[in-house]
Amino acid sequence: MARISKERLAKALEQEKTISAEDLAKVKGLAESMAKPIRSFIFKTPDEEGMSFTTHTIPSDDGVPLEAWYIPAKEKSDKLVIFNHALPMCRAGFPGHFGMPWAGFDAVEIDFVIQYKHLTDAGYNVLTYDFRNHGNSGAANNGVAGVGNFEWRDCVGVKKWVNGHPELSKMKVALYSQCLGADSQYRAMLERPELFENVKCMVNPLVVNMPFIFDAFSELYGINQYQELIDLELIKLGGFTAEEMQAANWASAVKVPTFVMQVKNDEWTRQPHDGMKTFDALVNAPEKEIFWLDSTKRFRDGYNWFGKEPKMILDFLAKYMG
C-alpha cells in the first residue's frame, strides 16, 4: 500500500502550484515543527523536589543512547513506573516559560518532576528518559520524529534494560505514556509483545492521532485546505504522513488495563473524535476508562493535570499494582 495515494499526491502537487508564498511558508513551518521538533532542555531535576536520583544511559533497541533518571520511591518498594514524555518535551517537562523558541510552541511550563514526586511519595520507583531527538538523548533518523514509528524502539530498549536489571526486573511494572510516549508504547507492544506481558497497567494522557492535530493546527494558521500538501512536506522531510502517525493504528496491541485522559475542548486537536478513535481501538485492553478534563488548553492544563490533581491516576495505579 502506497504511503500516499496517487490521488492525494496529485492534489498536493497541484496545491503546491497555486498556494501563496505566505501560506506555503506556514505549511512548511507546521510540517517541520512536528517532523523535526525543537529540543527541550533539562530545566529541573528531581533533587529540587527533595528526591534522590541516579542518571543512566540506556541503549534503544537500535542503539540510540537514551538519557534517563532512576528515582527511587520515598520508602523501599517493589513497584516501578516507566514514564514517557510527549513531543517536543523531555523528562523534565517543557520549558515554555524560558522564552523563545519554546514559547513559540506554548509559553507555559510543564513540570514532570512534581509528577515524579507524587509517584515516589505514593510508593513507586520511577524510571524516566528522553526519547531520541529529545532532551539529552542521542540524535537519530536525521532528527525526524515519527510519533511512534521510530520511537517505539526506545520503549523496547528501556523495557529490555529493565528486564535485564538485577533489581528492577523483579518489580511490578506500570507504564505512564503520554502523547508521543503513548503512540510509541502502543507500537512497541505490537512489535515486541513478549516484553510487556508482565506490565500491570498503563496510564495514557493525551494519546494522539495526528490527522486531527494537523486539521486543528492548520485551521488556526488559516491553511486547513492544504492537508495533502502538509503530508507531502512531512514525507519530504523524511517523516511520516498524518495517517501513518496514529495511536489507533497500533492500539489493538494493548492488552493491559488502561486509563486514558483527554482535554475535553482541546483547541489543538478535534475532540471527542481524536480521543474516542483511540479509545474505541483499545479492543484488547481487559479494562479501560477515559477521563475528559474540562479545558481547552492541552499544554497548560492537560500535561500539568497529574501534577496538580494526582488522585485519580494514583487510585488507578493502586488498583492494579497492589
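Each remark here, short or long, concerns the structure printed above.
Worth saying up front: this structure is predicted, and the values here are computed from it rather than measured.

Turning to empty space enclosed by the protein, a few remarks are in order. Empty pockets left among the atoms are what a rolling probe the size of a water molecule brings to light. With the rule as written, the count across this model stands at two cavities of 30 Å³ or more. The calculated volume of the largest cavity comes to roughly 160 Å³. In terms of lining residues, the largest cavity is bounded by 14 residues, among which Met34, Leu87, Cys179, Ile213 and Arg298 are the most central. Elements that contribute at least two residues to the lining of the largest cavity include exactly helix H6 (210-221) and helix H9 (298-303).

Once that is clear, we can look at the environment of Ile114. On the secondary structure map, Ile114 appears in helix H3 (residues 113-121). Along the sequence, Ile114 and Lys44 sit 70 residues apart, while their C-alpha atoms lie 9.8 Å from each other. Not counting residues up to four positions away in its chain, the partners in contact with Ile114 are Glu49 and Gly307.

Counted as a void, the largest pocket has a volume near 250 Å³. Along the walls of the largest pocket sit 14 residues, with Ser33, Gly104, Phe105, Phe217 and Tyr221 positioned nearest its centre. Ranked by residues supplied to the lining of the largest pocket, first place goes to helix H2 (residues 21-35) with four residues. Approximately 190 Å³ is the volume found for the second largest pocket. Taken together, Tyr70, Pro72, Ala73, Glu75, Lys76, Ser77, Asp78, Asn125, Glu167, Lys170 and Met171 form the lining of the second largest pocket. Per-class residue counts for the lining of the second largest pocket are four nonpolar, two polar and five charged.

We now examine the environment of Asp215. Its place among the elements puts Asp215 in helix H6. Residues Asp215 and Gly148, 67 residues apart in the sequence, show an inter-C-alpha distance of 19 Å. Leave out the neighbours within four places in its chain, and Asp215 touches Asn224, Gln227 and Arg270. For Asp215, the side chain forms a polar contact with the side chain of Asn224, separated by 2.7 Å.

Turning to H6, a few remarks are in order. Compared with an ideal rise of 1.5 Å per residue, which puts twelve residues at 16 Å, H6 spans 16 Å between its outermost C-alpha atoms and is within 8% of the ideal. Of all the positions in H6, only Met210, Phe212, Ile213, Phe214, Ala216, Phe217 and Ser218 are classed as buried. In this structure, the buried residues of H6 make contact with H2, helix H7 (227-236) and helix H8 (273-281). Looking one or two places after H6, you find Gly222, whose phi comes out positive at around 80°.

Of the pairings in the sheet, the one linking strand S1 (residues 54-59) to strand S2 (residues 65-71) comprises six bridges and is antiparallel in character. Paired with Pro59 across the two strands is Pro65, which belongs to S2.

As a further point, take the pairing of strand S8 (residues 199-205). Across the seven residues of S8, six count as buried, placing the element largely inside the fold. Sheet analysis places strand S7 (residues 172-177) next to S8, joined by four bridges and oriented parallel. Note that in S8 the partner of Ala174 across the bridge is Cys201. This β-α-β element, S7 to helix H5 (residues 180-191) to S8, shows right-handed connectivity.

Cut-offs applied
Residues numbered from 1 in each chain as written. Predicted model: local features only at pLDDT ≥ 70, side-chain atom pairs only at ≥ 80, totals over all residues. Heavy atoms only, no water. 1 Å grid on protein atoms, 1.4 Å probe; cavity = no way out; pocket = protein on both sides within 12 Å on 5 of 7 lines; lining within 4 Å. Points joined across faces, edges and corners; volume = space filled by probe spheres on them. Helix = DSSP H or I, 4+ residues; strand = E, 2+ residues; numbered from the N terminus. Contact = heavy atoms within 4.5 Å. Nonpolar A, V, L, I, M, F, W, Y, C, P; charged D, E, K, R; others polar. Polar contact = N/O pair within 3.5 Å; in protein donor to acceptor, adjacent residues only side chain to side chain. Expected span 1.5 Å × (residues − 1). Buried < 20%, exposed > 50% of the residue type's maximum accessible area, 1.4 Å probe, protein only. Pairing = 2+ DSSP bridges. Right-handed = clockwise from strand over helix to strand, strands pointing away.

The quantities given are spatial measurements derived from coordinates; they are silent on function.
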